[in-house]
Amino acid sequence: MSCGLKPRKRTKSQELIYQEQCKNVAHENGIRIGLQGDPDLQFLLSGGSLVKVKSSSWKKTRFFRLSEDCKTVWQQTSKKFKKDSSFSLEDIHSVRHGRQTEGLQKYSDSSVEDRCFSIVFKGRRSNLDLMASSKEEAKSWVSGLKKVINSMDKLNRLQNSEHWIYNCMRKADKNADNKMTLKELKHFLRQINIVVDDDYAEALFKQCDASNSDTLEGSEIKDFYNLLTHRQELDVIYEQYAHTNGQMSSSDLLNFLQKEQREPVSLDHAHKLIDKFEVDEIAKLNKHMSKDGFLMYLNHEESSIFNPAHKAVHQDMRQPLNHYFISSSHNTYLMGDQLKGSSSTEAYIKALTKGCRCVELDCWDGESGEPVIYHGHTLTSKVLFKDVIKAIKEYAFKTSQYPVILSLENHCTIGQQKIMAHHLTSILGSALLTQPLGHNMPTAFPGPEELKGRILIKGKRLNKLDAAFNNNTTEDVDSVSEEDEAAEMKEGEPEPKPKGKTSNKIKLAKELSDLVIYCKSVHFSNFELSRDNQAFYEMASFKEGKAMNLAESSAMGFIHHNMEKLSRIYPAGSRTNSSNYNPVPLWNAGCQIVALNFQTSCKEMDLNQARFLPNGKCGYILKPEFLRDPESQFDPVKLRVGPWLKKKTLHIMIISAQQLPKINKDNQRSIVDPHVRVEIYGVPDDNASKQTHHIENNGFNPMWNTRFQFTVHVPDLALVRFVVEDHDVGVQNDLVGLYTIPFTCMQNGYRHVPLLTKRGILLPSAGLFVHIMIIDA
């Protein structure tokens, strides 16, 4: 989040004062993030010249340095009429040392490997490829950036808030005299997204101007900060339970935890919270929690709306693979749209590091005998198959140790199919699953735990899986019916021909066929034929339209199909802009591999990330038992009494928000008028949406105190979505922030809700404050 203040020209004396102030500010921020006097931090603050690499002919020297706020990197530009640019450390996904991006591999020589590094951003922003003057300097940049980013990530909400406001206040001091005038105060309030009338601003100013000097300085600025950040709603809660000499005793705190937070905890737990969060040593000694300690507790991650018990891997990971929802990507290679977007190994890296466990490879014959990946018959760029496999090998298990499925869409000739098989086996090595687990022909899938660290191939196979055990050989090259590939056909293409002499055939190399173990692609006709004639490892892919129809008209049949087999769903070919379909109805029908365009930030991807938020973000979520039990009669469309019906009443009070970001940063006087919408996604009977009124001109600390009530019939499948928007009349509202969470992961009581950008990037100091109460209906 940026304060957005533009620097203005200063005299020489003012510049000297300003530079000294910058040093002081940098020193104070270094203390705040726990890096006081750190040599790596000092290196970044001093900055240096780096060669920026964009192509073989565009390699230009630019000056970079870390700003004194310790969270913004400033970059000098040579363009006369262009402002110097900057970017926030919050926008950085990773920092890679060496030639570890496509750009550097293509446009730099291997002799400068140790002088190169790249800054990889979140979202669609292009990588920043850089080259230092020496390997030591490159190491200093990489280690320094990683160290500061890691330190910033460790700050809690309260520390992030303090850090941001403090730096905004410093920047509001335009003449760098360490004082704040009334005019500067008004300007500062606009920067932090709040508008007050002149009388209120003047009253606030006079209340803090104890010296009557018409400026705020020293302790007066601290008093102003305390007044500004005072949370009246927290005072009310605290005073309701602080019955021991104005503080909460451990018994008072236990009462709060049991009554409001609805936590089944003991007095010993209350003592542990006091030891952990209390800032006053005397209060801690007396086993009391002061108001400041209470604030620290409420702002801590473990007290947020997301239940910390669901954060790590906690589900049974030894169930058959088809008993899990699997985070899945469609046309993973694309960074943009389906017609002319670029293909990149970076897209695979980003998907895998987001926890995606099933990626797609659209394979075609390439030049010089090397197969390529791209969206065939379009203007999308091409990337070498072997480069993608190398990237998958490197990044498959950095976020999650659980298996990765490579969904091959094979359009290659026999010769290049053999090359594909060679690259898969030689690059992936022992990680590639080439035989079923065990010594006997399996009758069911192994579980994610058994397949840890393994890569599975999904594609066509020439024979049955039992050939791996009974030496049943096939020809080195054989034909498979293209009719079976109909499952992979994109919407808009003609339907496959009936079986018989006129049916199209495609050639399949045995070397590639033999790598398909548990995910053999077959054509789907109907549930009965699949049940009676197809093995457990034979799976179909469904385009979204067909899958949605089955999920609505034959939900129970689809659910039972998915109890035995895997199903993959993919977006319609008409979605040329890489938009997404709603994955929820498909999850309701037990579909495991619901593939979405990961490169597109949208509500559907937000729901997908929420589905896979718990269980360590490992990409696997165990389906509810009623989607796994063969005796289940669950139908999400026609609900009936059964173990899935755990009817709950959800009471939500939207109390307040804190430090919402400005939407129009170019307009200094633009302030958000926020409202909050709460949405429920699940079975059709549970889908609902309710919205607060909007608050005018206050994005800093708006307060609603609005109560909502929802009835949720199948909580195991429900997702709860909080959306904060800037209210506009007559035009579409702008998104301010959002957060989506599985219903079963919510904690009761007074909770802070973190907010993310549209691209899923955390807004560190922004959030909602709510009260949650879930009761049996």
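For clarity, every value in this text was computed on a predicted model and none was experimentally measured.

Okay, the confidence of the model for the protein next. The share of residues in the protein with pLDDT of 70 or more is 90%, and the mean pLDDT across the chain is 89. Every residue in residues 1–7 is under pLDDT 50, and counting partners more than four places away or in other chains gives 21 contacts.

Reading across from one edge, β4-β3-β2-β1-β7-β6-β5 is the order of the 7 strands in this open sheet, with antiparallel pairing throughout. Edge positions in the sheet fall to β4 (85–88) and β5 (92–97), since each has one partner strand and no second. Neighbouring strand axes in the sheet, compared pairwise and without regard to direction, differ in orientation by 30° on average. As paired elements, strand β6 (residues 116–121) and strand β7 (residues 128–131) share 4 bridges and run antiparallel to each other. Bridge pairing in β7 links Ile 119 to Leu 128.

Moving on: a positive patch on the surface. Where like charges cluster on the molecular surface, the positive patch consists of Arg 124, Lys 354, Lys 758 and Arg 759. Within the secondary structure, Arg 759 sits in the loop between β31 (749–756) and β32 (762–776).

What follows covers helix α21 (residues 555–564). Listed as buried for α21 are Ala 555, Phe 558, Ile 559, His 561, Asn 562 and Met 563. Turning to α21, the residues buried within the fold contact α19 (527–533), β21 (538–543), α20 (544–553), β22 (567–570) and α22 (584–588).

Let's shift gears to the nonpolar core. With 72 residues, the main nonpolar core has Leu 361, Ile 392, Leu 406, Leu 424 and Phe 558 as its most contacted residues. At 6 residues, helix α15 (residues 385–395) tops the list of elements feeding residues into this core. For Phe 558, the contacting residues outside a window of four places in its chain are Phe 527, Phe 542, Ala 547, Leu 550, Ala 551, Ser 567, Ile 569, Ala 589 and Cys 591. Core analysis: the next-biggest nonpolar cluster, separate from the first, contains 36 residues, Val 672, Trp 704, Phe 710 and Tyr 739 among them.

Judged from the 6 bridges that link them, strand β1 (residues 48–53) and strand β2 (residues 59–66) form a sheet pairing that is antiparallel. What sits directly across from Val 51, in β2, is Thr 61. Connecting the antiparallel pair β1 and β2 is a turn made up of 5 residues. Sheet topology note: the β2/strand β3 (residues 72–75) ladder contains 3 bridges and is antiparallel. Among the inter-strand pairings, Arg 65 is bridged to a residue of β3, identified as Trp 74. The turn linking β2 back onto β3 is made up of 5 residues, and Cys 70 within it adopts a positive phi angle of 60°.

Their axes nearest at 9 Å, the elements helix α10 (residues 250–259) and helix α11 (residues 267–277) cross at an angle of 105°. What the angle tells us is that α10 and α11 run roughly perpendicular. Packed against α10, whose contacting residues are Ser 250, Ser 251, Leu 253, Leu 254 and Leu 257, the element α11 presents Leu 267, His 269, Ala 270, His 271, Leu 273 and Ile 274 at the interface. Its residues assigned to classes, the contact of α10 with α11 shows 7 nonpolar, 4 polar and no charged.

Here we come to unusual backbone geometry. Even without being glycine, Asn 245 reaches a positive phi, approximately 55°. In this fold, Asn 245 is placed in the loop between α9 (232–241) and β10 (248–249). Positive phi values are uncommon outside glycine, yet Arg 262 reaches one of about 55°. With respect to the helices, strands and loops of the structure, Arg 262 is situated in the loop between α10 and α11.

Turning next to the side chain of Asn 331. With respect to the helices, strands and loops of the structure, Asn 331 is situated in the loop between β12 (324–329) and α14 (345–353). When neighbours within four sequence positions are excluded, Asn 331 is seen to be in contact with Gln 338, Glu 360 and His 375.

With the rule as written, the count across this model stands at 0 disulfides. Cysteine Cys 356 remains unbridged, with the sulfur of Cys 358 as its closest cysteine sulfur at 6.6 Å. Take Cys 356: its relative accessible area is 0%, and that puts it in the buried class.

Definitions and cut-offs
Residues numbered from 1 in each chain as written. Predicted model: local features only at pLDDT ≥ 70, side-chain atom pairs only at ≥ 80, totals over all residues. Heavy atoms only, no water. pLDDT = per-residue confidence, 0-100. Contact = heavy atoms within 4.5 Å. Pairing = 2+ DSSP bridges. Helix = DSSP H or I, 4+ residues; strand = E, 2+ residues; numbered from the N terminus. Axes fitted to C-alpha atoms, helices over the stretch in contact; angles between N-to-C directions. Patch = residues over 30% accessible without salt bridge, like charges linked within 9 Å, V, L, I, M, F, W, Y side chains within 5 Å. Areas by Shrake-Rupley, 256 points an atom, 1.4 Å probe, with all protein chains shown as cover. Salt bridge = Lys/Arg side-chain N within 4 Å of Asp/Glu carboxyl O. Lys, Arg positive; Asp, Glu negative; His and termini not counted. Charge placed at Lys NZ, Arg CZ, Asp CG, Glu CD. Buried < 20%, exposed > 50% of the residue type's maximum accessible area, 1.4 Å probe, protein only. Core = buried A, V, L, I, M, F, W, Y, C linked by side-chain atoms within 4.5 Å. Parallel < 35°, antiparallel > 145°, perpendicular 65-115°, else oblique. Nonpolar A, V, L, I, M, F, W, Y, C, P; charged D, E, K, R; others polar. Disulfide = S-S within 2.5 Å.

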